[in-house]
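Overview (structure and organization)
Here is what each chain is made of, one letter per residue.
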Amino acid sequence: MSFRQVKRGFSYAGFLNLSRCIGTTPTIIIPLFRGLDKDDSGPGGCGLRHKGREQNLLDLFSVIDSTVLYVSHDIDEACRLCERICVLHNGRVEEDGAVEQVVQRPQTLAALRLTGCKNTSRARKVGDTLVEALDWGMTFDVGAPVADDVAYLGVRANYFHIDNREAPGKNSYMLRVARVSDSRFERLVLLDPPRADASSRLTWKVNTVGADMATLPCEGDCLRMHFDAAKILMVNR
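All figures in this text were calculated on a predicted structure; none of them were measured in a lab.

As for the overall build of the protein chain
- Secondary structure summary: the protein chain contains 6 helices and 14 strands in total.
- Looking at the 237 residues of the protein chain, the share that counts as buried comes to 40%.
- Look at the contacts in the protein chain between residues 6 or more apart in sequence, and 55% of them connect residues 24 or more apart.
- Here the protein chain has roughly 13,900 Å² of accessible surface; of this, 50% comes from carbon and sulfur atoms.

And the structure:
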């Protein structure tokens, strides 16, 4: 791929600065443009300005024989553009690893939240396979040994569902729907946890594509929800 092709989507000044940098064949490049969720047309950015600018970045990275340190607040963007992710929190590195490792098996609360986990709680071990979500007043059997130093747990917003079994099983709770809101393809459901003085609600995402709207959860419903033991994420810091 030629630099003429890569140039498309960059301002003249931004492309010129990149060209000068790449011409010195550096070991590491730190681009001065911000994440694609920001406006990069002003001073200090590289002027990425077209809808295809993410593809332009991929094209650029493919012709650079250097490590590129790319900074972004958008986890989806980072997953698409990068091979590894380094999670920074309060000025320190919390976690560093391959994209799949950080997203699927986060090891810190910062990584849990960065990777889009909407539901997090302080946690403590209360049995060999039992962990208590202190902020929710809920206890889960994760079906595997719980680390003694567990500090937080997380449940992603699409990792639990209505329990339609005749009798409730492990990790099932009656939860009241406090509020619902709809986007194009899903309904966001806020559930009141059992703890009366909980500071936040549980977030549940329901796919509405092809669904009968009359069957979707509504405000005021009381639902028996099941939490999959294998999908409860636990971290120690």
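Picking up after the structure, the text goes on.
What to know about the nonpolar core
- Membership of the largest hydrophobic core comes to 25 residues, with the highest contact counts inside it found for Phe140, Leu153, Leu191 and Phe227.
- Of all the secondary structure elements, the ones that give two or more residues to this core are β6 (130-133), β7 (138-141), β8 (152-155), β10 (172-182), β11 (186-192), β12 (202-207) and β13 (222-227).
- Apart from the residues lying within four places of it in its own chain, the contact partners of Phe227 are Met138, Phe140, Val155, Phe160, Asn171, Leu175 and Leu202.
- Among the nonpolar cores identified, the runner-up in size contains 9 residues, and Ile75, Val99, Val102 and Ala110 belong to it.

Topic: a nonpolar patch on the surface
- On the surface, Ile28, Ile30 and Leu69 cluster together into a nonpolar patch covering about 290 Å² of accessible area.
- Judged by its relative accessible area of 46%, Leu69 is partly exposed.

Some details on the packing of aromatic side chains
- With the rule as written, the count across this model stands at 4 aromatic pairs.
- With a centroid separation of 4.7 Å and an interplanar angle of 20°, the aromatic rings of Phe160 and Phe227 are classed as stacked. Taken together, the residues span a long stretch of sequence, with Phe160 in strand β9 (residues 160-162) and Phe227 in strand β13 at a distance of 67 residues.
- The class for Phe160 is buried, based on a relative accessible area of 3%.
- Given a relative accessible area of 0%, Phe227 falls into the buried group.
- Connected via pairs of aromatic rings, a cluster forms that spans Phe140, Phe160, Tyr173, Trp204 and Phe227.
- Just above the ring of Tyr159 sits the side chain of Lys231; from NZ or CZ to the centre is 5.0 Å.

Some points on the confidence of the model for the protein chain
- Residues with a pLDDT of 70 or more make up 81% of the protein chain, whose mean pLDDT is 83.
- By mean pLDDT, the top-scoring element of the protein chain is β6 (98), and the lowest-scoring one is helix α1 (residues 3-7) (51).
- The model gives residues 39-50 a pLDDT under 50, and that stretch makes 32 contacts with residues more than four places away or in other chains.

Description of the sheet that holds strand β5 (residues 119-125)
- Read across the sheet, 5 strands follow the order β7-β6-β5-β8-β14 without closing on themselves; strand pairing throughout is antiparallel. Only two strands of the sheet have a single partner each, and these edge strands are β7 and β14 (233-235). Averaged over all neighbouring strand pairs, the angle between strand axes comes to 35°, with direction disregarded.
- Where β5 lies against β8, 4 bridges are found, and the strand directions are antiparallel. Across the sheet, residue Thr120 finds its bridge partner in β8, namely Gly154.

A word on unusual backbone geometry
- Unusually for a residue other than glycine, Asn90 sits at a positive phi of about 55°.
- Residue position: Asn90 is located in the loop between β3 (84-89) and β4 (92-98).
- A relative accessible area of 71% means that Asn90 is categorised as exposed.
- One non-glycine residue, Asn171, lies in the positive phi region at around 65°.
- With respect to the secondary-structure elements, Asn171 resides in the loop between β9 and β10.
- On the basis of relative accessibility, which here comes to 8%, the residue Asn171 falls in the buried class.

Overview of the pattern of salt bridges
- Throughout the structure, instances matching the rule amount to 12 salt bridges.
- Arg124 serves as the salt-bridge partner of Glu132, at 2.7 Å between the closest nitrogen and oxygen.
- When its relative accessible area of 45% is taken as the criterion, Arg124 is described as partly exposed.
- The shortest N-O distance in the salt bridge between Lys125 and Asp148 comes to 2.8 Å. Of this pair, Lys125 sits in strand β5 while Asp148 sits in the loop between β7 and β8, and the two are 23 residues apart along the sequence.
- According to the relative accessible area criterion, Lys125 is partly exposed, its value standing at 31%.
- A network of salt bridges, in which partner residues are shared, links Asp163, Arg165 and Arg224.

Here is what the cut-offs are and how they apply
- Residues numbered from 1 in each chain as written.
- Predicted model: local features only at pLDDT ≥ 70, side-chain atom pairs only at ≥ 80, totals over all residues.
- Heavy atoms only, no water.
- Helix = DSSP H or I, 4+ residues; strand = E, 2+ residues; numbered from the N terminus.
- Buried < 20%, exposed > 50% of the residue type's maximum accessible area, 1.4 Å probe, protein only.
- Contact = heavy atoms within 4.5 Å.
- Areas by Shrake-Rupley, 256 points an atom, 1.4 Å probe, with all protein chains shown as cover.
- Core = buried A, V, L, I, M, F, W, Y, C linked by side-chain atoms within 4.5 Å.
- Patch = residues over 30% accessible without salt bridge, like charges linked within 9 Å, V, L, I, M, F, W, Y side chains within 5 Å.
- Salt bridge = Lys/Arg side-chain N within 4 Å of Asp/Glu carboxyl O.
- Phe/Tyr/Trp six-rings, centres within 6.5 Å; stacked < 30°, edge-to-face > 60°.
- Lys NZ or Arg CZ within 6 Å of the ring centre and 35° of its normal.
- pLDDT = per-residue confidence, 0-100.
- Pairing = 2+ DSSP bridges.
- Axes fitted to C-alpha atoms, helices over the stretch in contact; angles between N-to-C directions.

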